[in-house]
Amino acid sequence: MASTSAKALSSSLHKEELASTEEKRHSASPSEIRRIQRKIDIRIIPWLCFTYLVMKTDANNITNSAIMNAEKNHDIKAQLKLSPNQWNWVIACFFYPYAFLEPASTLMMKKTTPSFWLSRLMVTWGIICGCVGAVQKYGDLIAVRVLQGAAEAGYYPCIIYYLAFWFRPDQMARRVAAFYSFGQLSGFVGGFLAFAISHTDGRIAGWRWLFIIDGIPAVLMGIITFWLLPDYPQTAKFLDNHEKSAILGLLTEHAPSKEAKTWNWKQAIALFKNPTFWSWNLVSFFHAVGGFGLSFALPTVIFQLVEVTVVKYLALCIATATAGSVFPILWPLRVKAAPGTTAAGIAIGVTNAMAQFSGILGPTIFSSKAQSIRLSEEMFR
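Predicted model, so just to flag it, every value in this text is computed and none were measured.

**Some remarks on the overall build of the chain**
Point 1. Broken down by element type, the chain carries 21 helices and 0 strands.
Point 2. Residues counted as buried form 52% of the 381 residues belonging to the chain.
Point 3. Long-range pairs, those at least 24 residues apart, make up 85% of the contacts in the chain between residues at least 6 apart in sequence.
Point 4. For the chain, the accessible area works out to roughly 17600 Å², and carbon and sulfur atoms hold 68% of it.

**Comments concerning the packing of aromatic side chains**
Point 1. Counted by the stated rule, this structure contains 22 aromatic pairs.
Point 2. On the basis of an interplanar angle of 50 degrees and a centroid distance of 5.5 Å, the ring pair of Tyr 52 and Tyr 156 is categorised as tilted. Here Tyr 52, found in helix α2 (residues 30-65), pairs with Tyr 156, found in helix α8 (residues 155-164); they are 104 residues apart in sequence, far enough to count as distant.
Point 3. Tyr 52 sits in the buried class, given a relative accessible area of 4%.
Point 4. Under the relative-accessibility criterion, Tyr 156 is labelled buried at 5%.
Point 5. Relative to Trp 278, the ring of Phe 277 lies with its centre 4.8 Å away and its plane at 85 degrees, an arrangement referred to as edge-to-face.
Point 6. The rings of Tyr 52, Trp 125, Tyr 155, Tyr 156, Phe 179, Tyr 180 and Trp 331 are connected pair by pair, giving a single aromatic cluster.

**Examining helix α17 (residues 327-336)**
The α-helix winds at 3.6 residues per turn, so residues separated by three or four positions along the chain end up facing the same way.
Point 1. Of all the 10 residues making up α17, 7 are buried; the element is thus mostly covered by neighbouring parts of the structure.
Point 2. Those residues of α17 that fall on the buried side of the exposure criterion are Phe 327, Pro 328, Leu 330, Trp 331, Pro 332, Arg 334 and Val 335.

**A word on the side chain of Glu 102**
Point 1. With respect to the element layout, Glu 102 can be found in helix α5 (residues 95-111).
Point 2. Buried charge without a partner: Glu 102 forms no salt bridge, and the closest opposite charge is Lys 56, 9.8 Å away.
Point 3. Polar side-chain contacts of Glu 102 include one of 2.9 Å to the side chain of Asn 352.
Point 4. For Glu 102, the contacting residues outside a window of four places in its chain are Ala 153, Gly 154, Pro 157, Gly 349, Asn 352, Ala 353 and Gln 356.

**What to know about unusual backbone geometry**
Point 1. Positive phi, normally seen in glycine, also occurs at Asn 73, with a value near 55 degrees.
Point 2. The residue Lys 81 is not glycine, and still its phi comes out positive at about 55 degrees.
Point 3. Within the secondary structure, Lys 81 is located in the loop between α3 (76-79) and α4 (84-92).
Point 4. Overall, Lys 81 belongs to the exposed group, its relative accessible area being 70%.

**Examining the packing of helix α6 (residues 114-131) against helix α11 (residues 206-228)**
Point 1. Orientation of α6 relative to α11, taken along the N-to-C sense of each, is 165 degrees, at an axis distance of 7 Å. Taken together, α6 and α11 sit at an angle that is classed as roughly antiparallel. At the point where α6 passes α11, the crossing takes the left-handed sense. On α11, the residues that touch Ser 115, Phe 116, Leu 118, Ser 119, Met 122, Val 123, Trp 125, Gly 126, Ile 127, Cys 129 and Gly 130 of α6 are Phe 211, Ile 212, Asp 214, Gly 215, Ala 218, Val 219, Met 221, Gly 222, Ile 223, Thr 225 and Phe 226.

**Some points on the side chain of Thr 57**
Point 1. By secondary structure assignment, the location of Thr 57 is in helix α2.
Point 2. Contact partners of Thr 57, with chain neighbours within four places excluded, come to Ser 186, Val 189, Gly 190, Leu 193 and Asp 214.

**Points about the pattern of salt bridges**
Point 1. Counted under the stated rule, the structure contains 7 salt bridges.
Point 2. Linking Arg 175 and Asp 41 is a salt bridge whose minimum nitrogen-to-oxygen distance equals 2.9 Å. One end of the pair, Arg 175, is in helix α9 (residues 169-184); the other, Asp 41, is in helix α2, with 134 residues separating them in the sequence.
Point 3. Take Arg 175: its relative accessible area is 4%, and that puts it in the buried class.

**Comments concerning the state of the cysteines**
Point 1. The final tally for this structure, using the stated rule, is 0 disulfides.
Point 2. Cysteine Cys 131 remains unbridged, with the sulfur of Cys 129 as its closest cysteine sulfur at 9.1 Å.

**Looking at the confidence of the model for the chain**
Point 1. When pLDDT is averaged along the chain, the result is 82; 77% of the residues meet or exceed 70.
Point 2. Model confidence for the chain, summarised as mean pLDDT per element, is weakest for helix α21 (residues 375-379) at 42 and strongest for α6 at 95.
Point 3. Overall, residues 17-26 carries pLDDT values under 50, and its contacts beyond four positions in sequence, including any with other chains, amount to 11 contacts.
Point 4. For residues 368-381, every residue scores under 50 in pLDDT, and the model assigns this stretch 20 contacts once sequence neighbours within four places are set aside.

**Re a nonpolar patch on the surface**
Point 1. Among the surface-exposed residues, Ile 204, Trp 209, Ile 212, Ile 213, Ile 216 and Leu 220 lie close enough to one another that they form a single nonpolar patch of about 490 Å² accessible area.
Point 2. Relative to the helices and strands, Ile 212 is located in helix α11.

**A word on the environment of Trp 47**
Point 1. For Trp 47, the position within the fold is in helix α2.
Point 2. The class for Trp 47 is buried, based on a relative accessible area of 17%.
Point 3. Separated by 178 residues in sequence, Trp 47 and Thr 225 place their C-alpha atoms 8.3 Å apart.
Point 4. A distance of 2.8 Å separates the side chain of Trp 47 from the side chain of Thr 225, its partner in a polar contact.

The rules behind these values
- What you see as residue numbers is a count from 1 along each chain, following the sequence as written.
- Given that the model is predicted, a residue must reach a pLDDT of at least 70 before its local features are reported, and side-chain atom pairs must reach 80 or more before they are shown or counted; all residues, however, enter totals for whole chains, interfaces and linings.
- The basis for every side-chain value is the complete set of non-hydrogen atoms in the structure, without hydrogens or water.
- Strands here are runs of E lasting at least two residues and helices are runs of H or I lasting at least four, both read from the DSSP assignment and numbered beginning at the N terminus.
- Think of it in three bands: with a 1.4 Å probe and only protein chains considered, a residue is buried below 20% of the maximum accessible area for its type, exposed above 50%, and partly exposed in between.
- Every residue pair with non-hydrogen atoms within 4.5 Å of one another is taken to be in contact.
- Each accessible area value is a Shrake-Rupley result obtained with a 1.4 Å probe; residue values ignore everything except the protein chains displayed when judging cover.
- Pairing of aromatic side chains requires ring centres within 6.5 Å, counting the rings of Phe and Tyr and the six-membered ring of Trp. Pairs whose planes differ by under 30 degrees are stacked, by over 60 edge-to-face, and all others tilted.
- Under the counting rule used here, the positive set is Lys and Arg, the negative set is Asp and Glu, and His together with the chain ends is not counted.
- By definition, a salt bridge exists where a carboxyl oxygen of Asp or Glu is found within 4 Å of a side-chain nitrogen of Lys or Arg.
- Any pair of nitrogen or oxygen atoms within 3.5 Å is treated as a polar contact; in protein, a donor-acceptor pairing is required on top of that, and neighbouring residues in sequence qualify only through side-chain atoms on both sides.
- Structural elements are reduced to axes, namely lines fitted to C-alpha atoms, with helices fitted over the stretch in contact, and the angle between N-to-C directions of any two is expressed from 0 to 180 degrees.
- For classification purposes, angles smaller than 35 degrees are called roughly parallel, those larger than 145 roughly antiparallel, those between 65 and 115 roughly perpendicular, and all remaining angles oblique.
- In this scheme the crossing of two helices becomes right-handed for a clockwise turn of the near helix relative to the far one and left-handed for an anticlockwise turn of less than a right angle.
- Pairs of cysteine sulfur atoms within 2.5 Å are identified as disulfides in what follows.
- Along the chain, pLDDT gives the predictor's confidence residue by residue, from 0 to 100.
- Patch criteria: residues need more than 30% relative accessible area and no salt bridge. Like-charged residues are merged within 9 Å; nonpolar side chains of Val, Leu, Ile, Met, Phe, Trp and Tyr are merged within 5 Å.

Listed below in structure tokens is the structure:
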């Protein structure tokens, strides 16, 4: 019965999309639509990409700090006297509040405004990231990591949710791909920064400088985001009334909308009853743990290799980077399968929350105990 209802809903939404497309053709030509969408892309996509790069660099710098100046016993684990099990908790504790708060954070973006909420996220996580540089013991580090996870919670799903206010699901794939590709660059950028900052090691350890310096761009970009990022097509000052109407005419009736209520019980109940809600969450869980779990131990794996050749390094990078190539395909489908402003916000937030088990389980699965027997080295022999 639930399956029949889901199919009927999907068919109804498809018809509404076609009808909406027909209406659009009467208000703007295809070439004009492309021009307007290029205008929107230029205005919001590059900024979202750079902020995501900063966010991912800040979130991942904890793994780089584990090997910074390790040859001098001046890395974070040596200075704070962390055992392998304690280090696993340092990484994993970030993801508990991160996962738990993501659905609420996604809806809070709608309750407030995108420019305010994304700005708040960035400024808060930037400040807390810098505070990691002041920790003195294991308990301090755990506390700050938990706060940082709470501060960053919702940024990624908020961006997906934000794009759904501007584009139809079938128009989102290229935008999500561009946005996500910058996140993949964070491994290179973060590694390069960690290497450069490691040379500042002295009275103040290099890993402390890493967190302090990495937090500054997030705070600055958060302040700029508040003034720079347009909230919705209806309120975008860089679009005239005709352009706003043309873009809104492209969206389906059930697309997230500025005018809709943030919370709708009918939509929420229908979403939880829909079996695709649970299947999407399972896909997100298993893909994240299997695809990204290794990334949280990757710098240590590379550091422990006897001979780090270019081929070995690239093989490990490709193994983790390709895990994310499916997201530009999955996220538009996830949005399409959750009709309504409330349903889309909950679905995006919960689905991405399930993906955070990569950080909760990954450090345990790929622990230093497994690395010590150099399984990674054997793979390349």
